[in-house]
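In case you want the letters, here they are:
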Amino acid sequence: MSLSAVLFDMDGVLIRSEEAWLRVLEDAGRRFRGSPVTREEFAPTFGQGTAEDVRVFGLRCTPAELDAFYVEHLPAYAGEVWVNPDARELLESLASRGLRRAVVTNTVSALARALLGAARLLDFFEVLACSDLVVHAKPAPDLVLYALGRLGVTPGAALMVGDSRFDRGAAQAAGVRFVGLGLDGDVRIERLGELLPLTGAPASPGAR
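Overview of the structure.

Cut-offs applied
Residues numbered from 1 in each chain as written. Predicted model: local features only at pLDDT ≥ 70, side-chain atom pairs only at ≥ 80, totals over all residues. Heavy atoms only, no water. Helix = DSSP H or I, 4+ residues; strand = E, 2+ residues; numbered from the N terminus. Rg over C-alpha atoms; globule rule 2.2 N^0.38 Å. Buried < 20%, exposed > 50% of the residue type's maximum accessible area, 1.4 Å probe, protein only. Areas by Shrake-Rupley, 256 points an atom, 1.4 Å probe, with all protein chains shown as cover. Core = buried A, V, L, I, M, F, W, Y, C linked by side-chain atoms within 4.5 Å. Contact = heavy atoms within 4.5 Å. Arc of directions from axis to C-beta. Pairing = 2+ DSSP bridges. Axes fitted to C-alpha atoms, helices over the stretch in contact; angles between N-to-C directions.

1. Quick word on the overall build of the chain
Working step 1: Each helix and strand in the chain was counted, giving eight helices and eight strands.
Working step 2: Here the C-alpha atoms of the chain give a radius of gyration of 17 Å, agreeing with the 17 Å that 2.2 N^0.38 yields for 208 residues.
Working step 3: Viewed in the frame of its principal axes, the chain has a C-alpha envelope of about 55 × 30 × 30 Å.
Working step 4: Scored against the burial criterion, the 208 residues of the chain give a buried share of 51%.
Working step 5: Accessible area of the chain: about 9300 Å², with a carbon and sulfur share of 51%.

Written out as structure tokens, the structure is:
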């Protein structure tokens, strides 16, 4: 089956906002458990959903309350977000070939829009599949299936690019081919610019 759509994890693939998230989780820890979440606690959990944040970090709040805290406080740290330099050219190439594009992220919609907007990448995506739109976040397949449904694409006609075990698990559970960025998958790439040949297009001259 020919490729019709490419799904992208957001954090670690299109942007990197680990430092911003660490800062806001330090704040959340102070607010909801009386001590900041440490870098050592945070590092192995990055990319999990809000409900897991509440459980893993022992926060005395509901996932909805934590999401509201994130929406209020994360924008203050948006200046610490890195944008993948390969992203814009790749997305332009995919769009020019008529491939559908979606973001599949455990971030809630308001924050995903804010982060992608600040990165000037938001307009490249037809669908944002965010954790507040489904019952279960990645590694459950809900977000991937939501994106496919909104795009009108079958699992066999899509591939997903991600950098975490949560992404890989969600793609596998949904029956979507997984391309790991710095991570083993059905295919592994080390730079986002290496994705284009996997879609059936020649590599960009600037890719390396």
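2. Quick notes on the nonpolar core
Working step 1: One finds F8, L14, L121, F125, V161 and L195 to be the most contacted residues of the largest nonpolar core, which totals 51 residues.
Working step 2: Take this core: its biggest share by element is seven residues, from helix α1 (residues 18-32).
Working step 3: Apart from residues no more than four positions distant in its own chain, L195 is found in contact with V6, F8, L90, L159, V161, V179 and I189.
Working step 4: A5, A158, A170 and A174 belong to the second-largest nonpolar core, a separate cluster that totals 22 residues.

3. A word on helix α6 (residues 109-118)
Working step 1: Of all the residues in α6, the buried ones are S109, L111, A112, L115 and L116. Buried residues of α6, viewed axially, fall in a sector of 165°; they line one side.
Working step 2: Among the structural elements, β2 (15-16), α1, α4 (63-73), β4 (100-105) and β5 (127-130) are those in contact with the buried residues of α6.
Working step 3: In the segment just after α6, R120 is the residue with positive phi, at about 60°.

4. Things to note about unusual backbone geometry
Working step 1: P139 follows K138 through a cis peptide bond whose omega is 20°.
Working step 2: Tracing the backbone shows P139 in the loop between β5 and α7 (142-151).
Working step 3: Positioned with a positive phi, R120 is a non-glycine residue whose angle comes to about 60°.

5. A short note on the sheet that holds strand β6 (residues 158-162)
Each strand in a sheet pairs with another by means of backbone hydrogen bonds, the pair being arranged parallel or else antiparallel.
Working step 1: The parallel open sheet is built from six strands, whose spatial order is β5-β4-β1-β6-β7-β8. Single-partner strands in this sheet number two, and they are β5 and β8 (187-189). With direction set aside, neighbouring strand axes in the sheet form an average angle of 25°.
Working step 2: The strands touched by helix α5 (residues 87-96) within the sheet are β1 (5-8) and β4, with β1 carrying the most contacts at an inclination of about 155°.

Function cannot be inferred from these measures alone, as they are strictly geometric.
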